[in-house]
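Given next are the chains, with one letter for each unit.
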Amino acid sequence: MRKVLFASSEVHPLIKTGGLADVSASLPIALHKQGHDVRIILPAYRQCLEALTEFHTVATIKLDGYHSPIEIIQSTLPDTDVTLWLVNSPEHFDRNGGAYGPKSGGDWEDNAARFALFSRAIAAVAMNQGQLDWLPEILHCNDWQTGLAPALIADLPNRPATIFTIHNLAYQGLYPRSSFDALDLPKSFWHSEGLEFYDMLSFMKGGLNYSDHITTVSPTYADEICTYEFGYGLEGLLVERAKQGELTGIINGIDLDEWNPETDKALTKNYSAHTIRNKLANKTALQQHFALPLKEDVLVIGLISRLVSQKGIDLSIDAIATLLDADENIQLVCLGSGEASFEQDLRVLRARYPDKVGVTIGYDEHLAHQIEAGSDVFLMPSRFEPCGLNQLYSLRYGTLPIVRNTGGLADSVVDASGDDLKHNLATGFKFEAATAEALEETLLRAIALFRHPRIWRRLILTAMEQNYSWEKSSQSYQELYDSLIVKLAR
Ligand code: ADP
Ligand code: GLC
């Protein structure tokens, strides 16, 4: 049994902008089930406290350089026994809006201060300051919002071993030098092997340079971030850590209870690999929901995404528009929010093809489950994808993913072609070039195979047989925890 402090800026179902929230719940739950003492630490955002029914203050900690002490509020992750510690600093977290910015979009101006405070609180709790009487063996940090924590404790005696997981290297927490001064961070951090990145303060570098081990969320992404194309200038550092055996790619798992077509309450009709026919009722319901013609023979293409360039939304819109112009037998159902221009482009597509395209701009968990169940294929042509969870949910729901061959998408989907198709190993469709043409060709391949019900059914069955539970991946984390504890003790 290991004692793990798991630090994250978002945790499902309390606060979520993307897959980080899903993993920050499902991995701790998996570790907890295996007998580990995992405690999640999260900012006490207003919406988290509003969502929790029971909580109480368990510690008050005076952090150096701050007037008001912070409180640690204890609760449990809803519907589990996993301990949750919320860092309560109303000045930083008690406001209307999201985790990183107001509802209207953009970032909060004081994000550097907010997540520096969060990181300082994580460091204090990791060092058993305050009255918690609990010293973790592992501090597991996630993404830049927690990046300063490993740096703050790196030189302290009797500290826990530190792991930093990169969920997305594209978001680094970069701020001007003046922020570094304003945050009153130790001057010794200001160098290129510390927190400095070309005269900017990089929160991400805190995690990358000061943690004992770096992980990222798929093996292919672990390789990709060591290259110029995906490394954002951090590839040199990452190559060095990789050479030392200190960078590992561990593919994410999914919560099999939360995403289970046999029991999912959001579905019109539940189904399993033995009752695939029941999937059809969900397709009809989805078409109804989006006011599209109720047709069984049309290929329904699902898309659920943050609407940002990473996700190749422009490729999707262009490829689908071309196919609709050519009168292909497809329908697109789309749920997402993000950049205004992508939202607008999707609305335009819907206006052009009202009987072929359904669009919901916004965030809707219930509808996300219905789209996973009711679609025939799921579109994810990401330019890069550290892991991606939606293609894993799609596999489980027998909805064949159409993905670019990158990151976790490359690691989790087997293309329906050649020997893999012949030997019943295929689970979806993959393509290389990040162009609308390449996606269009791939969609045409899917449309063609969809006309062969027996082959299609086989693909669905193979997809549904895949096991992306946390069982194997959480084992990899446990082995890593064990090895780091041994290494630190030496
Ligand atoms: P990322 O974290 O890069 O956005 P992932 O595929 O890892 O990508 O995770 C995305 C998660 O967010 C999934 O759980 C997905 O269902 C969810 N999601 C994204 N956009 C929406 C939306 N508009 N409504 C509901 N859920 C969404
Ligand atoms: C990030 C990545 C996504 C990954 C998720 C959870 O948001 O963009 O690919 O699945 O984190 O690790």
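Residues numbered from 1 in each chain as written. Chains lettered and ligands numbered in written order. Predicted model: local features only at pLDDT ≥ 70, side-chain atom pairs only at ≥ 80, totals over all residues. Heavy atoms only, no water.

With that settled, consider the overall build of the protein. Of regular secondary structure, the protein possesses 20 helices and 18 strands. With the C-alpha coordinates aligned to their principal axes, the bounding extent of the protein is approximately 65 × 45 × 45 Å. In the protein, which comprises 490 residues, the proportion classed as buried is 59%. Residue pairs in contact within the protein that sit at least 24 positions apart in sequence constitute 69% of those at least 6 positions apart. Working note: accessible area of the protein is about 19,900 Å², and carbon and sulfur atoms make up 50% of it. Between the mean site of the 42 positive side-chain charges and the mean site of the 63 negative ones, the protein shows a separation of 3 Å. (Helix = DSSP H or I, 4+ residues; strand = E, 2+ residues; numbered from the N terminus. Buried < 20%, exposed > 50% of the residue type's maximum accessible area, 1.4 Å probe, protein only. Contact = heavy atoms within 4.5 Å. Areas by Shrake-Rupley, 256 points an atom, 1.4 Å probe, with all protein chains shown as cover. Lys, Arg positive; Asp, Glu negative; His and termini not counted. Charge placed at Lys NZ, Arg CZ, Asp CG, Glu CD.)

Let's shift gears to the state of the cysteines. Going through the model one piece at a time under the given rule, you end up with 0 disulfides. Cysteine Cys387 is unpaired, with the sulfur of Cys226 as its nearest cysteine sulfur at 17 Å. (Disulfide = S-S within 2.5 Å.)

Side-chain direction in a regular strand flips from residue to residue, so the side chains alternate between the two faces of the sheet. Of all the 6 residues making up strand E7 (residues 161-166), 6 are buried; the element is thus mostly covered by neighbouring parts of the structure. Both faces of E7 are covered, namely the face carrying Ala161, Ile163 and Thr165 and the face carrying Thr162, Phe164 and Ile166. Pairing of strand E6 (residues 138-142) with E7 involves 5 bridges; the strand directions are parallel. Within the sheet, the bridge partner assigned to Cys141 lies in E7 and is Phe164. Following the chain from E6 across helix H5 (residues 148-153) to the adjacent parallel E7, one finds a crossover that is right-handed. Note that E7 and strand E11 (residues 213-216) share 4 bridges and pair parallel. Directly across from Ile166, in E11, lies its bridge partner Thr216. (Pairing = 2+ DSSP bridges. Right-handed = clockwise from strand over helix to strand, strands pointing away.)

The 9 strands lie next to each other as E3-E4-E5-E2-E1-E6-E7-E11-E12, forming an open sheet whose pairing is mixed. Since the sheet does not close on itself, it has two edges, and those belong to strand E3 (56-61) and strand E12 (247-249), each with one partner. Each strand of the sheet is rotated relative to its neighbour by a mean of 25°, with strand direction disregarded. Pairing of strand E1 (residues 3-7) with E6 involves 4 bridges; the strand directions are parallel. In the strand pairing of E6, Phe6 is matched with His140. Its contacts with the sheet place helix H20 (residues 470-489) against E1, E6, E7 and E11, and it is angled at close to 140° to E7. (Axes fitted to C-alpha atoms, helices over the stretch in contact; angles between N-to-C directions.)

Another aspect to go through is the site of ligand 2. Among the 14 residues in the neighbourhood of ligand 2, the closest are listed as His167, Asn252, Glu385, Cys387 and Gly388. In this structure, an oxygen atom belonging to ligand 2 sits 2.9 Å away from a side-chain N or O atom of Asn252. A distance of 2.5 Å is found between an oxygen atom of ligand 2 and a side-chain nitrogen or oxygen belonging to Glu385. The dominant element in the shell around ligand 2, judged by the number of residues it contributes, is helix H1 (residues 19-33), at 3 residues. Tallied by class, residues from the shell around ligand 2 come to 6 nonpolar, 6 polar and 2 charged. (Near = heavy atom within 4 Å. Polar contact = N/O pair within 3.5 Å; in protein donor to acceptor, adjacent residues only side chain to side chain. Nonpolar A, V, L, I, M, F, W, Y, C, P; charged D, E, K, R; others polar.)

Interaxial distance between helix H12 (residues 313-325) and helix H13 (residues 340-352) falls to 10 Å at its minimum, and their mutual angle equals 10°. With respect to H13, the element H12 is oriented roughly parallel. Between H12 and H13, the residues in contact are Ile313, Asp314, Ile317, Ile320, Ala321 and Asp325 and Phe342, Asp345, Leu346, Leu349 and Arg352, respectively. A breakdown of the residues in the contact of H12 with H13 according to their chemical character gives 7 nonpolar, no polar and 4 charged. (Parallel < 35°, antiparallel > 145°, perpendicular 65-115°, else oblique.)

Take the site of ligand 1 next. Surveying the vicinity of ligand 1 reveals 20 residues, the closest of which are Gly19, Asp22, Arg306, Lys311 and Gly362. Between ligand 1 and Lys16 there is a distance of 2.9 Å, counted from an oxygen atom to a side-chain nitrogen or oxygen. A distance of 2.7 Å is found between an oxygen atom of ligand 1 and a side-chain nitrogen or oxygen belonging to Lys311. Calculation on ligand 1 without its partners gives an accessible area of 560 Å², and the protein chains cover 93% of this total. At the level of secondary structure, the elements contributing two or more residues to the shell around ligand 1 comprise H1, strand E13 (299-307), strand E14 (330-338) and helix H15 (390-396). Here the shell around ligand 1 takes 3 residues from E13, the largest share from any one element. The class makeup of the residues in the shell around ligand 1 is 7 nonpolar, 7 polar and 6 charged. Of the domains in this structure, domain 1 (3-253 + 471-489) and domain 2 (273-467) are the two that each give at least three residues to the shell around ligand 1. (Domains from an automatic or database assignment.)

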